[in-house]
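Here is what each chain is made of, one letter per residue.
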Amino acid sequence: MAIRPFIPWCVAVMLAFASPLLAAQELIADMGAGPPTGRYAFASSTPRSLLELLKGPGQGEPAQPVGHWFLPPGTERGPAVVLMHGSGGIYDAMLDFWPKQFNAAGIAVLAVDSFGPRGVKSTAEDQSQVPFAADLADAFAALKLVASHPRVDPARIAIMGFSRGGITAWRTSVARIAASQRLPDGLRFAAHVPVYAGGCVGTFRLVVKLDVFSIKAPMLWVHGDRDDYAPIGPCREYAERIAKTGTPVEFLTLEGAMHKFDQDDIRRIHVRGAQRTLETCPLEMDMDTLIYYDRNTGQRLSGEAVQATMRQSCSATGAHLQGDRAARDKAAQAILTFFRKTLGSR
């Protein structure tokens, strides 16, 4: 089937910022008809917890996240990447900088807005507004959607997430989580790129052992060494642990870069109420049993003990954001090199 012409960038960006009424103009069940660049709602759900998500796809209230779809010029079949936003919601770079970089390399892009369709602007000061399990549900729903497009090779779809979305980027590599979604024909993300990711400490951190993470899908972690929202140290150490179990892992340190270095705004912004987790937080969860432990002592923790530890040793507020164009360009080059190796992009 013939593909309609590629929409110019100015039109694509206008579509991206269209009113909610226009955004809801089309609910798409699959992309078999080869839709062009545009904005499409698709079906997902809102599981309230990881435990609920693990029961299978479609848990929780129905949801219709919106995907901003960017196709590269041409007619050939190629790779794609799903972009997942952080606590601040979808933002400028996800709709302009990153799609431009990836489309130029022949990579299609679906930038997912999980918050707007759920009536939420930001979760920075209250992460409970949208369950983290909903991010995972949206990511796997997006994977199935993108895989149905005739210009996408289903075996070459990556996921890349920023901050909170970075948690999704590495959690989708967890074998038990992926298996729970009963994806068709062995469909999986082919590569995972957590960018200034959260979750390297605290309740999201998993006990790293054999068979927890996929050993087939490579990871590239990208992080600034001046990040005070999601500090680099725990993520570097966590990535090293994952690598030791057989997953191919690379880690890029961006000197001088802060959280959200890829945004257009280069002002240093203090988000006073931002919820963050301290580097010293000792919590981690066993993915097989869903039981929490103190990783310093090995002690098993009950529900009350987990909450007490969170209050006493893990929780803090206040962090900084700052765009850094040099760091962003360096990250883009490294990610494009990684995708050439893992997705076969040009």
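Details of the structure are given in the entry above.
Residues numbered from 1 in each chain as written. Predicted model: local features only at pLDDT ≥ 70, side-chain atom pairs only at ≥ 80, totals over all residues. Heavy atoms only, no water.

*Asks:* Is there a simple way to think about the environment of alanine 111 in this case?
*Replies:* Tracing the sequence through the fold places alanine 111 in strand E6 (residues 108-113). The sequence separation of alanine 111 and lysine 100 amounts to 11 residues, and the corresponding C-alpha distance is 12 Å. With near-sequence residues (within four places) excluded, alanine 111 lies in contact with Val66, Gly67, His68, Leu83, Ile90, Met94 and Leu95. (Helix = DSSP H or I, 4+ residues; strand = E, 2+ residues; numbered from the N terminus. Contact = heavy atoms within 4.5 Å.)

*Asks:* Could you clarify how one ought to interpret the nonpolar core in this entry?
*Replies:* For soluble globular proteins, nonpolar side chains are generally found buried alongside one another. Ranked by internal contacts, the top residues of the largest apolar core, which has 61 residues, are Trp170, Phe213 and Trp221. Among the elements that line this core, the one with the most residues is helix H6 (residues 132-147), at 12 residues. Residues in contact with tryptophan 221, not counting those within four places in the same chain, are Trp170, Pro194, Ala197, Cys200, Cys235, Tyr238, Ala239, Ile242, Val249, Glu250, Phe251 and Leu252. Core analysis: the second largest hydrophobic core is formed by 36 residues, Leu83, Val109, Phe162 and Phe338 among them. (Core = buried A, V, L, I, M, F, W, Y, C linked by side-chain atoms within 4.5 Å. Buried < 20%, exposed > 50% of the residue type's maximum accessible area, 1.4 Å probe, protein only.)

*Asks:* Quick question: what am I supposed to make of the sheet that holds strand E13 (residues 291-294) here?
*Replies:* Paired through their backbone hydrogen bonds, the strands of a sheet run either parallel or antiparallel. Taken together, 3 strands build an open sheet; the order of strands is E12-E13-E14 and the sheet is antiparallel. In the strand order of this sheet, the two ends are held by strand E12 (283-286) and strand E14 (300-301), each with one partner. (Pairing = 2+ DSSP bridges.)

*Asks:* What exactly am I supposed to notice about the pattern of salt bridges here?
*Replies:* Between side chains of opposite charge, pairing is possible as soon as their charged atoms come close. In total, this model carries 14 salt bridges according to the counting rule given. Taking the shortest distance from any N to any O, the salt bridge between glutamate 284 and arginine 205 comes out at 3.3 Å. Linking glutamate 284 in strand E12 with arginine 205 in the loop between strand E8 (191-195) and strand E9 (219-224), this pair joins segments that are 79 residues apart in sequence. One salt bridge in this structure joins arginine 241 and glutamate 237, with 2.3 Å as the shortest N-O distance. With arginine 241 and glutamate 237 both in helix H9 (residues 232-244) and 4 residues apart, the pair spans about one turn of that helix. One continuous salt-bridge network, built from bridges that share partners, spans Arg205, Glu237, Arg241 and Glu284. (Salt bridge = Lys/Arg side-chain N within 4 Å of Asp/Glu carboxyl O.)

*Asks:* I tried to follow the sheet that holds E9 on my own but got confused; where do I start?
*Replies:* In space, the 8 strands of this open sheet follow the order E1-E4-E6-E5-E7-E8-E9-E10, with mixed pairing throughout. The open sheet has two free edges, formed respectively by strand E1 (38-41) and strand E10 (249-254), since each of these has just one partner strand. The average undirected angle you get between the axes of adjacent strands in this sheet is 20 degrees. In terms of strand pairing, strand E5 (residues 78-84) meets strand E7 (residues 152-162) through 6 bridges, oriented parallel. Across the sheet, the residue bridging to alanine 80 is isoleucine 157, located in E7. On top of the sheet, H6 reaches strand E4 (66-70), E5, E6 and E7; it is set at about 150 degrees to E7, its chief contact. (Axes fitted to C-alpha atoms, helices over the stretch in contact; angles between N-to-C directions.)

*Asks:* Help me understand the environment of glutamine 333, please; the structure alone is not making it clear to me.
*Replies:* Position of glutamine 333 among the secondary structure elements: in helix H11 (residues 325-342). For the pair glutamine 333 and glutamine 101, spaced 232 residues apart in the sequence, the C-alpha separation amounts to 9.0 Å.

*Asks:* What should I look at first to understand the pairing of E12 in this one?
*Replies:* Neither face of E12 is exposed, since Leu283 and Met285 on one face and Glu284 and Asp286 on the opposite face are all buried. When E12 meets E13, the two strands line up antiparallel, connected through 4 bridges. Bridge pairing in E13 places leucine 283 opposite aspartate 294. Hairpin connection from E12 to E13: 4 residues lie between these consecutive antiparallel strands, with leucine 290 at a positive phi of about 60 degrees.

*Asks:* Any chance you could explain the packing of aromatic side chains here in plain terms?
*Replies:* One pair of aromatic rings is described through two measures. These are the centre distance and the angle between the planes. For the coordinates displayed, the defined rule picks out 14 aromatic pairs. Ring centres of phenylalanine 338 and phenylalanine 339 lie 5.9 Å apart, and the angle between their planes is 40 degrees; this geometry places the pair in the tilted category. Like phenylalanine 338, the residue phenylalanine 339 is buried in the burial classification. Taken together through their ring pairs, the aromatic side chains of Tyr91, Phe97, Trp98, Phe102, Phe162, Tyr196, Phe261, Phe338 and Phe339 make up a single cluster. Across from the ring centre of tyrosine 91, 4.4 Å away, lies the NZ or CZ of lysine 260, which sits over that ring. Lying over the aromatic face of phenylalanine 97, arginine 328 brings its terminal NZ or CZ to 4.0 Å of the ring centre. (Phe/Tyr/Trp six-rings, centres within 6.5 Å; stacked < 30°, edge-to-face > 60°. Lys NZ or Arg CZ within 6 Å of the ring centre and 35° of its normal.)

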